[in-house]
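Overview (structure and organization)
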2 protein chains.
Amino acid sequence: MGVVSLFQIVPAGSITSPKGFQAGGLHCGLKKTSRNDLGAIYCEVPATAAAVYTTNVFQAAPLKVTRESIASNNGQLRAVVVNSGNANACTGRQGEADAYAMRAAAADAFRLAADEVAVASTGVIGELLPMDRVAHGITGLPAALAVGDEGADQFAQAILTTDLVKKESCVTITVDGHEVTIGGAAKGSGMIHPNMATMLAFVTTDAAISPKALQSLLGETTDVTFNMITVDGDTSTNDMLIAMASGLAGNTELAPGHPDWDSFAAAFRYVCQTLAQAIARDGEGATRLVEVTVNGAVTDLSAQAIAKTVIGSSLVKSAVFGADANWGRIIAAVGRAGEPVNPDTVDIQLGDILVLSGSQPVAFDEEEALEYLKGDTVVIHVELHNGPGHATAWGCDLTYDYVRINAAYRT
Amino acid sequence: MGVVSLFQIVPAGSITSPKGFQAGGLHCGLKKTSRNDLGAIYCEVPATAAAVYTTNVFQAAPLKVTRESIASNNGQLRAVVVNSGNANACTGRQGEADAYAMRAAAADAFRLAADEVAVASTGVIGELLPMDRVAHGITGLPAALAVGDEGADQFAQAILTTDLVKKESCVTITVDGHEVTIGGAAKGSGMIHPNMATMLAFVTTDAAISPKALQSLLGETTDVTFNMITVDGDTSTNDMLIAMASGLAGNTELAPGHPDWDSFAAAFRYVCQTLAQAIARDGEGATRLVEVTVNGAVTDLSAQAIAKTVIGSSLVKSAVFGADANWGRIIAAVGRAGEPVNPDTVDIQLGDILVLSGSQPVAFDEEEALEYLKGDTVVIHVELHNGPGHATAWGCDLTYDYVRINAAYRT
């Protein structure tokens, strides 16, 4: 990202770093262990809000409720309440009633109107929420809020399911001479695929920004970050990304045309990209992050389709797990993506190691490739020499642990 | 299949059961073990031939050569030569020259014209064929041919890669009072996906049939059999299905409109379907066959897309391995297939056990479901109540062994 120097990374930052935001989490009894399973983000002032939702036909009840809140409250939110351990998906009318009840309970607890509150859920599909535990837990949320990173940490823990690590990101940037902060938290580990799968992400900022600009920035950024990750090709019923802007940084309202718009957008994208990469790296059972870059496609959309096909290939993922420089599987995936590809002009690199040139095998040092593939991050470069389109996708390797985790998830 | 009584299954039958066909196989040194890796089918008379090929952009060299043979020889073939252990794919001009050399060597050995011979390869991608071993092996093929099932068995062994079992099928049917036999052999275990992935299949018959009718029957049958199986979502560079008809049964030429056409087509489909199911059951690492039927879609094509999405879901496949009645993953896959689905009218059954009705969970006996899911074959029924479209797809579970096999395939 060429504009990386325009923003500052805040290593210990979080969703509560932007002015106006508090967060917290607690255990209310949805998870069998004592880990947090309920959390909230709270903004001291009405925050400009935007959201994107899963493309799955079977959208879970909380998504409907959140969509209604944002629409009926003039694009603003004050709080988000989130539970893990139960997705409240495919739960019918009772599930919808439960999502509304969650929203009402949170509004009561925080003394807000119902439509100032968004709701999100993640976990097992098709089981009704134990509403007594959820409602009781929500009454404890205001006390669980804490200014600063401790509350954000408790929240980041509360949204996890099979995740091994919490995912946070934070940057600062100068807008009109005012320091603006953008923070993010996310969860996601399995059922991850381009269109926002079992993934929840929350981005907060103290920037003043027009609602329309925030919504369009969120959509554009999602296309090149969260929608470019895949763990297993499955798309959840519950995915949601919510952005909230408190406006307390004191800058003049951001929108395209503002002199600092491009750098704000780059900072926003950085936060989303690091969260997306963290989700891919923490893919169920994963031992390494895989990045696929495609250049020379006819269009960016075509490059995206090819990158997603390669990153989603079970055979490529298994080969990365085995540190096997099996580029044949990479080119086979490129060739089945359904996109225009010249079969005679494809180059493939594993990191800096050229393995295919003009669609022909290149002699390379297998030992060097083995060492590279055993690393923490594996980058696969595909150059098609067929046009100006480029894209990057992120995923992970396919391992024994992926099978173990998903063969016994409910039990 | 309602017309199943119109044909007779021949339990010990094979590709050499139809009149006029011989087959054989031997070890020429492409596989590290002593297993067969080279085989041939030979027809005593010119056989009407038809073929379908992978849709992958990177078609392996043998496919080009086979296409040329069938086109230049007026739709007829006398022999097919097949090697396993090396796919001769992504091998450039040398690979093409090698495929032509294989064809020429087989033509010499069998005293045929070059364009009477088809070539097929399967195995690792991107390595040149050791042509000295291949050429030497081909000189031994005429002696390896044996009339009867022993030669067919040697051939069926010779085309395997990571397959655990050979795949054969045979039926007889009466056409104009003449006994007509249809036999088949196939290989395929990994890189299997709807469009003919690392799969080779050969169907022989002694029926007299018009070339045009054979080609269109082959295409239509492939769409509902071989193209409805998936192991891992990957589509190989080498898939090919070749049908050869010797015409020695003595029937009047079959074509649509012939009084026995429908029953011949049903028998042909049965052979292809049993081979396709055998490939899915023998999917890399699989412990059980999974069948997904979709009814009530808006069209058959839409039902096919939904069935393929469910059968291809890593999460569904992992749940089947774990004998977990996790229907939430099934409905999530239905919902992301990109097809018209009414989110309120979906029923799901596991075998005879109803688990979802009108998109709502149904109380069911978890123990009974566990027992069912531990069986040899798992059938998932999806009823959409949205139209007349239906389809069936076949696949397998996702297991530790799939990962083990594919993490270390080349080494």
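Residues numbered from 1 in each chain as written. Chains lettered and ligands numbered in written order. Predicted model: local features only at pLDDT ≥ 70, side-chain atom pairs only at ≥ 80, totals over all residues. Heavy atoms only, no water.

Contact with chain B, which involves 54 residues of that partner, is made by 54 residues of chain A. When chain B packs against chain A, close to 4300 Å² is buried across both sides, 59% of that on carbon and sulfur atoms. At the junction of chain B and chain A, the tally comes to zero salt bridges. Between the two partners, chain B and chain A, sit two residue pairs in polar contact (both at pLDDT 80 or more). (Contact = heavy atoms within 4.5 Å. Buried area = accessible area lost by both parts, 1.4 Å probe. Salt bridge = Lys/Arg side-chain N within 4 Å of Asp/Glu carboxyl O. Polar contact = N/O pair within 3.5 Å; in protein donor to acceptor, adjacent residues only side chain to side chain.)

Residue and element names in this part refer to chain A. Spatially, E13-E12-E11-E14-E10-E15 is the arrangement adopted by the six strands of the open sheet, whose pairing is mixed. Looking along the sheet, the strands with just one partner apiece sit at the ends: strand E13 (360-361) and strand E15 (389-396). Two strands pair when backbone bridges link them, and strand E12 (residues 353-357) and E13 are joined in this way by two bridges, in the antiparallel orientation. Within E13, the position partnered with Ser357 by the bridge is Gln360. Relative to E15, helix H8 (residues 300-312) is tilted by about 25 degrees, and along the sheet it contacts strand E10 (289-297) and E15. In the packing of helix H11 (residues 366-373) onto the sheet, the strands contacted are strand E11 (347-350), E12 and strand E14 (377-383), and the crossing angle to E14 comes to about 120 degrees. (Pairing = 2+ DSSP bridges. Helix = DSSP H or I, 4+ residues; strand = E, 2+ residues; numbered from the N terminus. Axes fitted to C-alpha atoms, helices over the stretch in contact; angles between N-to-C directions.)

To continue, consider the pairing of strand E14 (residues 377-383) of chain B. All names here are of chain B. Pairing of strand E10 (residues 289-297) with E14, which is carried by seven bridges, proceeds in the parallel orientation. Bridging from a neighbouring strand, Thr293 pairs with His381 of E14. Of the strand pairs in this sheet, strand E11 (residues 347-350) and E14 are connected by four bridges, and their pairing is antiparallel. Each residue of the ladder has a partner; that of Leu350, found in E14, is Ile380.

Right, let's get into the packing of aromatic side chains. All names here are of chain A. As enumerated under the stated definition, the model contains 11 aromatic pairs over all chains in all. Between Phe155 and Phe202, the ring centres sit 5.4 Å apart and the planes meet at 80 degrees, which makes this aromatic pair edge-to-face. Of this pair, Phe155 sits in helix H5 (residues 149-158) while Phe202 sits in strand E8 (residues 200-205); the two residues are 47 residues apart in sequence, bridging distant segments of the chain. Like Phe202, Phe155 is buried. Members of the aromatic cluster, each reached through a chain of ring pairs, are Trp261, Phe264 and Phe268. The side chain of Arg67 reaches across the aromatic face of Tyr53, ending 4.2 Å from its centre. (Phe/Tyr/Trp six-rings, centres within 6.5 Å; stacked < 30°, edge-to-face > 60°. Buried < 20%, exposed > 50% of the residue type's maximum accessible area, 1.4 Å probe, protein only. Lys NZ or Arg CZ within 6 Å of the ring centre and 35° of its normal.)

Moving on to the pairing of strand E15 (residues 389-396) of chain B. All names here are of chain B. Here E15 lies mainly inside the structure; six of its eight residues are buried. Sheet topology note: the E10/E15 ladder contains seven bridges and is antiparallel. When the bridges of E15 are listed, Thr293 appears paired with Thr392.

Residues and elements named next belong to chain A. Under the UniProt annotation, "binding site: substrate" (unreviewed entry) lies at Thr161, Lys187, Thr198, Glu284, Asn406 and Thr411. By the element assignment, Thr161 lies in the loop between H5 and strand E6 (167-175). You can call Thr161 buried: its relative accessible area is 14%. The contacts of Thr161, once residues within four sequence positions are left out, are Arg35, Ser84, Gly85, Thr122, Gly123 and Lys187. According to the relative accessible area criterion, Glu284 is buried, its value standing at 6%. (UniProt positions renumbered as here; feature names shortened; annotations may be inferred.)

Our next topic: the environment of B:Gln76. Residue and element names in this part refer to chain B. Secondary-structure assignment places Gln76 in strand E4 (residues 76-86). Residues Gln76 and Pro211 lie 135 residues apart in sequence; the distance between their C-alpha atoms is 8.4 Å. Those residues in contact with Gln76, other than ones at most four positions away along the chain, are Pro46, Ala47, Ala49, Ser69, Ile70 and Asp115.

Residue and element names in this part refer to chain B. The sheet built from six strands is open, its strands ordered E13-E12-E11-E14-E10-E15 with mixed pairing. In this open sheet, the two strands that pair with only one neighbour each are strand E13 (360-361) and E15. Bridge count for E11 against strand E12 (residues 353-357) is three bridges, and the pairing is antiparallel. Residue pairing for E12: Gln349 is matched across the bridge by Leu354.

The next thing to look at is the state of the cysteines. Formally, a disulfide is one covalent bond, and it connects the sulfur atom of one cysteine to the sulfur atom of another. Tallied over the entire structure, the rule returns zero disulfides over all chains. Not part of a disulfide, A:Cys272 finds its nearest cysteine sulfur in A:Cys170, a span of 13 Å. Summary of cysteine pairing: B:Cys396 is not part of a disulfide, and the nearest cysteine sulfur, belonging to B:Cys272, is at 20 Å. Overall, the relative accessible area of 1% leaves B:Cys396 in the buried class. (Disulfide = S-S within 2.5 Å.)

Turning chain B through 180 degrees and shifting it by 0.0 Å along the axis lays it on chain A, with an RMSD of 0.0 Å. Accordingly, the operation relating the two chain copies is best matched by a two-fold axis. Measuring from the rotation axis to each C-alpha of chain B, the shortest distance belongs to B:Tyr400, at 2.6 Å. A share of 100% of interface residues in chain B that are also interface residues in chain A marks the association as one of identical surfaces. (Least-squares fit on C-alpha atoms with pLDDT ≥ 70 in both.)

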